[in-house]
Amino acid sequence: MADFLPYLIGGLANGALYGLLALGFVLVYRATSVVNFAIGEFLLVGAYLTYTFALFLPLPLAILAALPLAFLFGLLVERGFVRPLLGRNVVAVIMATIGLAAALDGAVQLIWGPDLKYLSGSLPNLGFQAGEVFVSSRAVWNLLLALPLGLGLLWLLRRSRYGILVRAISEREVAALALGIPTARILAGVWGVSALLATLAGALLAVASGVGHNLVFFGLKVFPVAILGGLDSVGGALLAGFLLGALEALSQRYLEPLLPGFTEALPFVVVLLVLLVRPYGLLGERQIERV
Amino acid sequence: MLSVENLKVVYRGVILALDGVSLELGDGEAVALLGPNGAGKSSLVRAVAGLLPKFEGRVLDGHVRLMGQEATHLDPVRITGLGLTAVLEGRPLFRYLTPVENLVAAGHRLSPQELKAGMEEVFARFPRLYERRHEQAGYLSGGSSRCSSWAWPSSPAPRCWWWTSPPWGFPPSWWRR
């Protein structure tokens, strides 16, 4: 057990970031019914923004500076790509986000170049020794930022007036409009928040492993996480993030010696199982049907 | 209070739904529009409430005036700001929200105190709704949800309500009251 704990801690550290990213992804899906295939690029852009700010600011400040800019970026994407297409064919919006992903990939390479970069500066070291187990600074930071932020957002969505309006719009936009709810502004805000979460995840990843194009692959994990948690469940996304992180750690420790490379495929095996057994995910809601 | 003048509405650029509709509604008056399916009752409501773009329709001709102001091409947010609330046909509530949350959504313009007072008023009128105020509205009985659709537009204190279909199906107990 003791030799498994370090794996688990590392897994949960990853899981916290999966959770953050999936939270934003699911929030956008619920509010606007858009599957955002550019979520990995949101993370990428966020990481590069952090890198750029870190060139002349201490790292914690650089992350703080990147967040509002990321929010703005989310607003711009909503305004430019999503709003003109809302209400059209679902496939049209999905294709638009795929196109956006490709465009952002290209733009990032044009601006920052193709090679792997490392952030200058680092976050204060919070790693500690707990008995025989060493808890890395990375794990502490990830959990410390992701958990309160994720839970806080969930609380806002459940309890705050703004959260109630978001849920109202996500259920029936026309009815919300008829009540005079400023749907366009609120939906733009949701995209902003999603980009902000992705950027925080990107920044924390960048701290640990540098900034390069391969960060996009981390973004791909958002699909298994969202499906495991339930595509329409924001709380499920956070939970499933941690769960998948822990599962990956388990697989890394116990399955990797038997089935080398299996951990890479694990998230998608999980997706297949979930879709077969429980297609609405762990916490997804079944529709209320009335005839 | 509300005047519609010679209104012409077209969907998708080709489907003519309304042509030359006029209507005058004064303070304290109630007007019922009767007609078979497809007569254009809902289209008129959508046009007045500014919801046509959501249905791929638009006003080609004519005017809507609300509280003396030109409101023909205003967006729904401005129109409800002038004091008109449209109650859409079908199940009028947000099913996944509780009655309390439904009222919060409807009263999003109100200050917290006004919202609280409005909610108390609604629940005083519909005690059955109060008992189930924290359940998802999708599970309310038909009668209860009709009640709340009645209660609904009264919460943002609009001066003009406008139903796409009348709130039939009120429970008998309510009519006796």
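Because the structure is predicted, anything quoted here is derived from the model rather than measured. (Residues numbered from 1 in each chain as written. Chains lettered and ligands numbered in written order. Predicted model: local features only at pLDDT ≥ 70, side-chain atom pairs only at ≥ 80, totals over all residues.)

Looking at this structure, how should I read the overall build of chain A?
Counting secondary structure elements, chain A contains twelve helices and two strands. Of the regular secondary structure in chain A, the N- to C-terminal order runs α-α-α-α-β-β-α-α-α-α-α-α-α-α. In terms of C-alpha radius of gyration, chain A reaches 19 Å, essentially the compact-globule figure of 19 Å for 291 residues. The buried share of chain A, taken over its 291 residues, is 47%. Taking all contacts inside chain A whose residues are at least 6 apart in sequence as the whole, residues at least 24 apart take part in 76%. (Helix = DSSP H or I, 4+ residues; strand = E, 2+ residues; numbered from the N terminus. Rg over C-alpha atoms; globule rule 2.2 N^0.38 Å. Buried ≥ 20, exposed ≤ 12 C-beta atoms within 10 Å, placed from the backbone. Contact = placed C-beta atoms within 7 Å.)

Which parts of the structure should I look at to understand the UniProt feature "transmembrane region" (unreviewed entry) in chain A?
Under the present numbering, the feature "transmembrane region" (unreviewed entry) in UniProt falls on residues 6-27, 34-51, 57-77, 89-112, 139-157, 186-211, 223-246 and 258-277 of chain A. As a span, residues 258-277 of chain A carries 80% helix and 0% strand, and end to end its C-alpha atoms are 26 Å apart. (UniProt positions renumbered as here; feature names shortened; annotations may be inferred.)

I would appreciate a short explanation of the interface of chain A and chain B in the present structure.
By convention, interface size is frequently given as the accessible area that disappears when the constituent parts associate. Taken residue by residue, the interface counts 17 residues in chain A and 23 residues in chain B. Broken down by element, the side of chain A that touches chain B gets its largest block of residues, six residues, from helix H6 (residues 161-171) of chain A. Partitioning the side of chain A that touches chain B into residue classes produces eleven nonpolar, one polar and five charged. (Nonpolar A, V, L, I, M, F, W, Y, C, P; charged D, E, K, R; others polar.)

Just checking my understanding: could you explain the packing of helix H2 (residues 39-54) of chain A against helix H8 (residues 183-209) of chain A for this structure?
Axes are the key here: two packed helices are described by the angle between their axes and the distance separating the axes. Residue and element names in this part refer to chain A. Axis separation between H2 and H8 bottoms out at 7 Å; the angle between their running directions is 60 degrees. Judged by the inter-axis angle, H2 sits oblique to H8. The hand of the H2/H8 crossing is right-handed. Each of Ile39, Phe42, Leu43, Leu44, Gly46, Ala47, Leu49, Thr50 and Tyr51 in H2 lies in contact with H8, whose residues at this interface are Ala195, Ala198, Thr199, Ala201, Gly202, Ala203, Leu205 and Ala206. When grouped by side-chain class, the residues that make up the contact of H2 with H8 number 13 nonpolar, four polar and no charged. (Axes fitted to C-alpha atoms, helices over the stretch in contact; angles between N-to-C directions. Parallel < 35°, antiparallel > 145°, perpendicular 65-115°, else oblique. Left-handed = near helix turned anticlockwise from the far one by under 90°.)

How do you make sense of the sheet that holds strand E1 (residues 2-11) of chain B when you look at a structure like this?
Neighbouring strands of a sheet are bound in pairs by backbone hydrogen bonds; such pairs are parallel or else antiparallel. Residue and element names in this part refer to chain B. Strand order across the open sheet formed by four strands is E2-E1-E3-E4, with antiparallel pairing between neighbours. Strands with a single pairing partner mark the edges of an open sheet, and in this sheet they are strand E2 (15-25) and strand E4 (69-70). Pairing between strand E3 (residues 57-66) and E4: two bridges, direction antiparallel. By the bridge assignment for E4, Arg65 is matched with Glu70. Where helix H1 (residues 41-49) meets the sheet, its contacts fall on E1, E2 and E3, and the angle it forms with E2 comes to roughly 70 degrees. (Pairing = 2+ DSSP bridges.)

I tried to follow the packing of helix H11 (residues 234-255) of chain A against helix H12 (residues 262-277) of chain A on my own but got confused; where do I start?
Residues and elements named next belong to chain A. The contact between H11 and H12 brings their axes to 9 Å, and the two run at 140 degrees. Compared by their axis directions, H11 and H12 come out oblique. In terms of crossing hand, the pair formed by H11 and H12 is right-handed. Between H11 and H12, the residues in contact are Leu244, Leu247, Glu248, Ser251, Gln252 and Leu255 and Phe262, Thr263, Leu266, Pro267 and Val270, respectively.

What should I look at first to understand the confidence of the model for chain B in this one?
As a note on interpretation, predicted positions should not be read in detail where pLDDT is low. All names here are of chain B. For chain B, per-residue confidence averages 78 on the pLDDT scale, and residues scoring 70 or more make up 77% of the total. The least confident element of chain B is helix H7 (residues 172-176), whose mean pLDDT is 44; the most confident is E1, at 91. Every residue in residues 154-160 scores below 50 in pLDDT, and together they form 21 contacts with partners more than four places removed in sequence or on other chains. In the model, residues 165-177 has pLDDT below 50 throughout and makes 13 contacts with residues more than four positions away in sequence or in other chains. Here the predicted complex carries an ipTM of 0.81, next to a pTM of 0.86. (pLDDT = per-residue confidence, 0-100.)

Could you clarify how one ought to interpret the environment of Val82 of chain A in this entry?
Tracing the sequence through the fold places Val82 of chain A in helix H3 (residues 59-82). With sequence-adjacent residues up to four places away left out, Val82 of chain A is seen in contact with Thr32, Val34, Val77, Val93 and Trp191 of chain A.

Looking at this model, I keep getting lost on the pairing of E2 of chain B. Mind explaining?
Along a regular strand, successive side chains alternate from one face of the sheet to the other. Strand direction decides the pairing type here: E1 of chain B and E2 of chain B, joined by eight bridges, are antiparallel. Each residue of the ladder has a partner; that of Leu2 of chain B, found in E2 of chain B, is Leu25 of chain B.

How do you make sense of the nonpolar core when you look at a structure like this?
Soluble globular proteins tend to pack their nonpolar side chains together in the buried interior. Core analysis: the largest hydrophobic core is formed by 127 residues, its most contacted members being Leu21, Ala22, Leu23, Val26, Leu43, Ala47 and Ala201 of chain A. Split by domain, this core shows at least three residues from each of two domains, domain 1 (2-82) and domain 2 (99-176) of chain B. Sequence-distant contacts of Ala47 of chain A, that is, excluding residues within four places in its chain, are made with Gly202, Ala203, Leu205, Ala206, Val211 and Leu215 of chain A. (Core = buried A, V, L, I, M, F, W, Y, C linked by C-beta atoms within 7 Å. Domains from an automatic or database assignment.)

Even after reading the chapter, I still don't get unusual backbone geometry, so can you show me in this structure?
It is generally the case that most residues other than glycine have a negative phi and that most peptide bonds are trans. Residue and element names in this part refer to chain B. A positive phi angle, close to 55 degrees, is found at Asn6, a residue other than glycine. Among the structural elements, Asn6 can be located in strand E1. A residue is classified by how many C-beta atoms lie within 10 Å of it, and Asn6, with 12 of them, is exposed.

Just to check I follow, could you spell out H8 of chain A for this structure?
Helical geometry: 3.6 residues make up each α-helical turn, so side chains three or four residues apart lie on a common side. Under the 1.5 Å per step criterion, the end-to-end length of H8 of chain A is 39 Å for 27 residues, consistent within 8% with the ideal 39 Å. Along H8 of chain A, 21 of the 27 residues are buried, which leaves the element largely enclosed by surrounding structure. (Expected span 1.5 Å × (residues − 1).)

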